[in-house]
Amino acid sequence: MTESKHHEDVSAANTIKLVFAWSFVGIPLIWGVYNTLTQAALLFK
Amino acid sequence: MTTAAQADSGGILHWLDRSHTVAKPGFSRWLVPPAALCVHLCIGQVYAFSVFNLPMTRLIGITESAPDDWKLTELGWIFSIAIVFLGLSAAFTGTWLDRVGPRKAMFTAALCFGGGFLISALGIHLHQLWIVYLGYGVLGGCGLGLGYISPVKTLITWFPDRPGMATGMAIMGFGGGAMIASPLSVWLMQQFATSSHVGVMETFIVLGLVYIFFMMVGAVIVRVPAKGWAPEGYVAPAQPKKLVTQAHVHVDQALKTPQFYLLWGVLCLNVTAGIGVLGQASAMSQEMFPGQITAAAAAGFVGLLSLFNMLGRFFWASTSDFIGRRNTYMIFFALGMILYAIVPWTGQIDSVVLFVACYAVILSMYGGGFATIPAYLKDIFGTRYVGAIHGRLLTAWSAAGVFGPVLVNYIRQYQIDNGVPKADAYSVTMYIMAGLLLVGFALNWLMSPVHERHHMKPEDVDA
């Protein structure tokens with residue numbers, strides 16, 4: 001395997017890991033923010 | 001002295017050892033913030049614990065409190081014990097954590113925090129409040145402290161170019177955790193509630209297991225950089241700024257420096273100003289704007305403050321990378337003073353929008369104070385013992401957790417007892433808060449570099 005091919009594989013694996021890791025924490029956080037904003041909207045009604 | 005190598009455990013838990021967490025070439029450092037967030041999003045639940053208070057006063061009576069049910073005042077101690085043990089565990093385990101590395105610390109934090117829920121569920125099943133104190137308060141509190149400080153040093157080491165942003169991202173999770181936990185807990189209790197059950201015990205079991213799993217994922221992902229690693233293209237500044245040291249100070253030595261106590265005072269006063277308001281936000285908004293802000297709208301106000309508390313952690317900590325930590329705190333104290341002085345006036349001119357805007361900024365700076373302090377410590381004491389020093393400094397949080405609410409509650413009550421209308425009862429408190437921030441401004445202004453005699457020798461740093 002050439003060195004550039006190895007770098008590409010590492011980079012692709014990293015991208016997949018990054019997407020999974022950030023989704024794992026990001027989805028619950030976005031859900032929490034959405035709930036908070038829905039509740040906060042009552043303040044200005 | 002036990003070295004990092006000696007701290008390795010061997011056996012089936014060897015994957016927790018620091019030596020097994022060293023990143024291989026090609027590892028992306030951007031995987032470390034989500035690992036830290038896995039822990040902080042869970043332990044941030046502590047700010048939402050109050051959603052259990054009312055249901056826990058009806059465990060026997062179900063629809064209303066029975067004579068043998070727990071009282072609200074007794075339940076209030078669960079949160080207080082947890083916060084005290086957060087401070088104590090952070091203070092006393094910081095050095096151990098520096099030695100064993102972040103994975104073992106996160107693993108232990110997960111067992112303590114999730115286990116605290118499970119033990120508390122048993123306490124509810126047996127209707128023994130002391131077991132809940134021991135479970136969520138003591139064990140859960142230790143999980144909070146360990147979990148809070150566990151990723152800080154790792155993030156600072158991975159992001160020498162942006163330490164504020166990195167720690168801000170993790171500590172932002174602590175602010176956001178309550179926003180997830182609060183609706184999730186309410187939903188779970190609704191699912192488990194029956195005509196003979198309020199559903200708290202089952203909710204505790206589910207939350208305990210979910211938090212253990214979520215925090216374990218963080219422990220699996222986290223890595224420490226290999227020795228001598230630096231981000232691609234990063235060059236340490238040749239001429240460091242006056243308040244950014246390249247040396248390292250041992251945790252025991254840090255306690256002998258005036259800088260530690262100045263920072264302790266800075267954090268304590270910044271937290272006092274915010275925490276007192278956070279606890280009273282709902283009642284304060286309704287009493288200052290009677291008829292305009294309903295109970296439901298006040299709940300929205302509290303939610304909005306939580307959001308700004310969270311966003312401020314990332315925004316201000318990231319900003320501090322550009323303008324410096326001392327300047328960031330100067331803004332917190334100066335702007336805070338102005339805003340606290342304006343708040344009573346917003347009530348007089350009946351401006352809900354201005355009132356909300358003032359508190360949104362104040363709470364962003366409250367969160368910002370928490371998130372900027374690890375990078376401030378790194379600047380003053382170096383990176384070697386920053387986790388342990390941060391742990392000791394968090395006792396300022398415990399102190400402010402008692403001082404802030406007491407200040408707001410007692411002054412308000414004193415005013416009302418002396419015939420001041422409820423709408424005006426907070427004015428004096430706001431002016432006192434502004435005064436506290438003035439003291440904080442002075443302490444921050446006095447900050448100077450640590451004297452060279454406190455620095456570690458190079459051979460001790462490498463040991």
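What counts as what
- Residues numbered from 1 in each chain as written.
- Chains lettered and ligands numbered in written order.
- Predicted model: local features only at pLDDT ≥ 70, side-chain atom pairs only at ≥ 80, totals over all residues.
- Helix = DSSP H or I, 4+ residues; strand = E, 2+ residues; numbered from the N terminus.
- Rg over C-alpha atoms; globule rule 2.2 N^0.38 Å.
- Buried ≥ 20, exposed ≤ 12 C-beta atoms within 10 Å, placed from the backbone.
- Contact = placed C-beta atoms within 7 Å.
- Domains from an automatic or database assignment.
- Core = buried A, V, L, I, M, F, W, Y, C linked by C-beta atoms within 7 Å.
- Nonpolar A, V, L, I, M, F, W, Y, C, P; charged D, E, K, R; others polar.
- pLDDT = per-residue confidence, 0-100.
- Axes fitted to C-alpha atoms, helices over the stretch in contact; angles between N-to-C directions.
- Parallel < 35°, antiparallel > 145°, perpendicular 65-115°, else oblique.
- Expected span 1.5 Å × (residues − 1).

**Remarks on the overall build of chain B**
A count of helical and extended segments in chain B gives 17 helices and zero strands. Its C-alpha atoms give chain B a radius of gyration of 22 Å, near enough to 23 Å, the size a compact globule of 463 residues would have. Principal axes of the C-alpha set define a box for chain B whose edges measure 65 × 50 × 35 Å. Per-residue burial over chain B gives 50% buried out of 463 residues. Long-range pairs, those at least 24 residues apart, make up 82% of the contacts in chain B with a sequence separation of at least 6.

**Section: the domain arrangement of chain B**
In many analyses, interface size is given as the accessible surface area lost on bringing the parts together. All names here are of chain B. Per the domain assignment, the segments of chain B are domain 1 (12-221) and domain 2 (251-451). One C-alpha centre belongs to domain 1, the other to domain 2; they are set 24 Å apart. Facing 28 residues of domain 1, the contacting portion of domain 2 comprises 30 residues. Looking at the side of domain 1 that touches domain 2, the element that brings in the most residues is helix α7 (residues 163-192), giving 12 residues.

**Side note on unusual backbone geometry**
Residue and element names in this part refer to chain B. A positive phi is found at I62, a non-glycine position, where the angle reads about 60°. Here I62 is to be found in the loop between α2 (53-56) and α3 (72-100). Of note in the backbone geometry, D350 takes a positive phi value of approximately 60° without being a glycine. Its place among the elements puts D350 in the loop between α12 (325-348) and α13 (352-381).

**Remarks on the nonpolar core**
Residues and elements named next belong to chain B. Among the nonpolar cores identified, the biggest contains 145 residues, and M215 and F301 are the most heavily contacted of them. Among the elements that take part in this core, α13 stands out by supplying 16 residues, more than any other. In terms of domain composition, this core takes at least three residues from each of domain 1 (12-221) and domain 2 (251-451). Leave out the neighbours within four places in its chain, and M215 touches C38, V39, C42, M106, A109, A110, F113, G114 and G147.

**Structural notes on the environment of B:P55**
Residues and elements named next belong to chain B. Following the sequence through the fold, P55 ends up in helix α2. Between the C-alpha atoms of P55 and A334, which are 279 residues apart in sequence, the distance is 41 Å. Excluding residues within four positions of it along the chain, P55 makes contact with M189, V198 and V200.

**Here's the deal with the interface of chain B and chain A**
Every contact between the two is made by 24 residues of chain B and, on the other side, 20 residues of chain A. The set of elements that each furnish at least two residues to the side of chain B that touches chain A consists of α1 (32-43), α7, α8 (200-221) and α11 (295-323) of chain B. No other element matches α11(B), which puts nine residues into the side of chain B that touches chain A. Class assignment for the residues of the side of chain B that touches chain A results in 18 nonpolar, six polar and no charged.

**So, the confidence of the model for chain B**
In the predicted model, chain B carries a mean pLDDT of 89, and the fraction of residues at 70 or more is 97%. The model gives residues 1-5 of chain B a pLDDT under 50, and that stretch makes five contacts with residues more than four places away or in other chains.

**Side note on the packing of helix α4 (residues 102-126) of chain B against α8(B)**
Between two packed helices, the angle of one axis relative to the other and the distance separating the axes together describe the packing. Residues and elements named next belong to chain B. Where α4 contacts α8, the axes come no closer than 8 Å and their chain directions differ by 175°. Taken together, the axes of α4 and α8 lie roughly antiparallel to each other. Grouping the amino acids of the contact of α4 with α8 by side-chain chemistry returns 21 nonpolar, six polar and one charged.

**Looking at the environment of B:T73**
You can see B:T73 is positioned in helix α3. On a C-alpha basis, the gap between B:T73 and B:I156 in space is 40 Å, while along the polypeptide they are 83 residues apart.

**Quick look at the packing of α7(B) against α11(B)**
Residues and elements named next belong to chain B. Running from amino to carboxyl end, α7 crosses α11 at an angle of 175°, the nearest separation of the two axes being 8 Å. The angle between α7 and α11 falls in the class roughly antiparallel. Along its contact with α7, which presents G164, M165, T167, G168, M169, I171, M172, G175, G176, A178 and M179, the element α11 presents S306, N309, M310, R313, F314, A317, S318, S320 and D321. Split by residue class, the contact of α7 with α11 holds nine nonpolar, nine polar and two charged.

**Some words on α4(B)**
With 25 residues, α4(B) should cover 36 Å at 1.5 Å per step; its first-to-last C-alpha distance of 36 Å lies within 8% of that length. In terms of burial, α4(B) is largely enclosed, as 19 of its 25 residues are buried.

**A closer look at the environment of B:Y133**
Residue and element names in this part refer to chain B. For Y133, the location among the structural elements is in helix α5 (residues 129-149). Residues Y133 and G123, spaced 10 residues apart in sequence, show a C-alpha to C-alpha distance of 8.7 Å. Excluding residues that lie within four positions of it along the chain, Y133 makes contacts with W77, I78, I81 and V138.

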